[in-house]
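# Structure at a glance
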Amino acid sequence: LKINHIFEDKKEGTTKAYNKGIRSTQEDEDIFLTQNDVRFPKLVDKDGLEIDTCWLTEFVKMSKFKHCGLVTVQNLIGKSGPTYQDGCPIVGTFCMYIPRHTINMIGILDEGFTPGQGDDIDYTFRVLKMGLRIQILRFDVVHHRQTIHEYDQEDIKLRNAKYFKTKWWLDAES
């Protein structure tokens, strides 16, 4: 596996940072989005013995399934609430594997959600609207959420939820 790391000193939010990373890749490369507060496991078999494989390889394998749009892990698939589209599945960008064909179909993250909050809901929604599937790996990762995000504020969340509903012509009252 070829892995590129991009470290950014200028803080413009996760949406722009992720897109910068996506734009820096080759046209045939898949993308794996994560953050610095996510811990990935050593994989073990049913007897508790470590499996001689990398967890990232499992994302790659799962992305090859027919109609795969995104890959994540079982404990990080969520559902959006009524502020966005009630019950819509969410793959968080802190553990999102995007096959290149998905990016070619629907593009990169919508920077209208800058600095963050809701870009993952929007991207998952777009993937599902294109008839693609979310593939879920049967292991967990730990998202510590110890990093304090400047954009993790209620007014930004509400503004981005309104942007989502306007973008998708969803009734603001539903």
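Whatever comes next refers back to the structure up there.
Note that the structure is predicted; figures quoted are calculated from it, not measured. (Residues numbered from 1 in each chain as written. Predicted model: local features only at pLDDT ≥ 70, side-chain atom pairs only at ≥ 80, totals over all residues. Heavy atoms only, no water.)

Residue P115 is bonded to the preceding T114 through a cis peptide linkage, with omega at 10°. Even without being a glycine, Q117 presents a positive backbone phi close to 80°. Following the sequence through the fold, Q117 ends up in the loop between α3 (100-106) and α4 (119-129). We note that W169 has phi near 55°; this positive angle belongs to a residue other than glycine. Secondary-structure assignment places W169 in the segment after α5 (154-167). Judged by its relative accessible area of 80%, W169 is exposed. (Helix = DSSP H or I, 4+ residues; strand = E, 2+ residues; numbered from the N terminus. Buried < 20%, exposed > 50% of the residue type's maximum accessible area, 1.4 Å probe, protein only.)

Let us look at the pattern of salt bridges. Throughout the structure, instances matching the rule amount to six salt bridges. Of the charged contacts, one joins R23 and E111 as a salt bridge, the two residues approaching to 3.4 Å between their closest N and O atoms. Remark: E111 occurs in the loop between α3 and α4 and R23 occurs in helix α1 (residues 14-23); sequence separation between them is 88 residues. Looking at R23, the relative accessible area reads 53%, which means it is exposed. The shortest N-O distance in the salt bridge between E58 and K61 comes to 3.3 Å. (Salt bridge = Lys/Arg side-chain N within 4 Å of Asp/Glu carboxyl O.)

With that settled, consider the pairing of strand β3 (residues 68-73). The element β3 is largely enclosed, with a buried count of six among its six residues. Relative to strand β7 (residues 133-137), β3 runs parallel, the two sharing five bridges. In the sheet register, V73 faces β7, and the bridge partner there is L137. (Pairing = 2+ DSSP bridges.)

Moving on, we come to α5. With 14 residues, α5 should cover 20 Å at 1.5 Å per step; its first-to-last C-alpha distance of 20 Å lies within 8% of that length. Within α5, the full set of buried residues consists of I156, N160, A161, F164 and K165. Relative to the axis of α5, the buried residues are bounded by an arc of 170° and lie together on one face. Seen from the buried face of α5, the exposed residues on the opposite side, beyond 90 degrees, are D155, K162 and T166. Taken together, the buried residues of α5 touch α4. (Expected span 1.5 Å × (residues − 1). Arc of directions from axis to C-beta. Contact = heavy atoms within 4.5 Å.)

Glancing now at the nonpolar core. Judged by nonpolar contacts, the single largest core of 15 residues is most densely connected at L33, L70, M96, I98 and Y123. For this core, the secondary-structure elements that each account for two or more residues are α1, β1 (31-34), β6 (95-98), α3 and α4. Dropping the residues within four chain positions of it, Y123 is found in contact with L70, M96, I98, T102, I103, I106, G107, I108 and L109. Counting 14 residues, the second largest nonpolar core, distinct from the first, contains L56, F59, C68 and C95. (Core = buried A, V, L, I, M, F, W, Y, C linked by side-chain atoms within 4.5 Å.)

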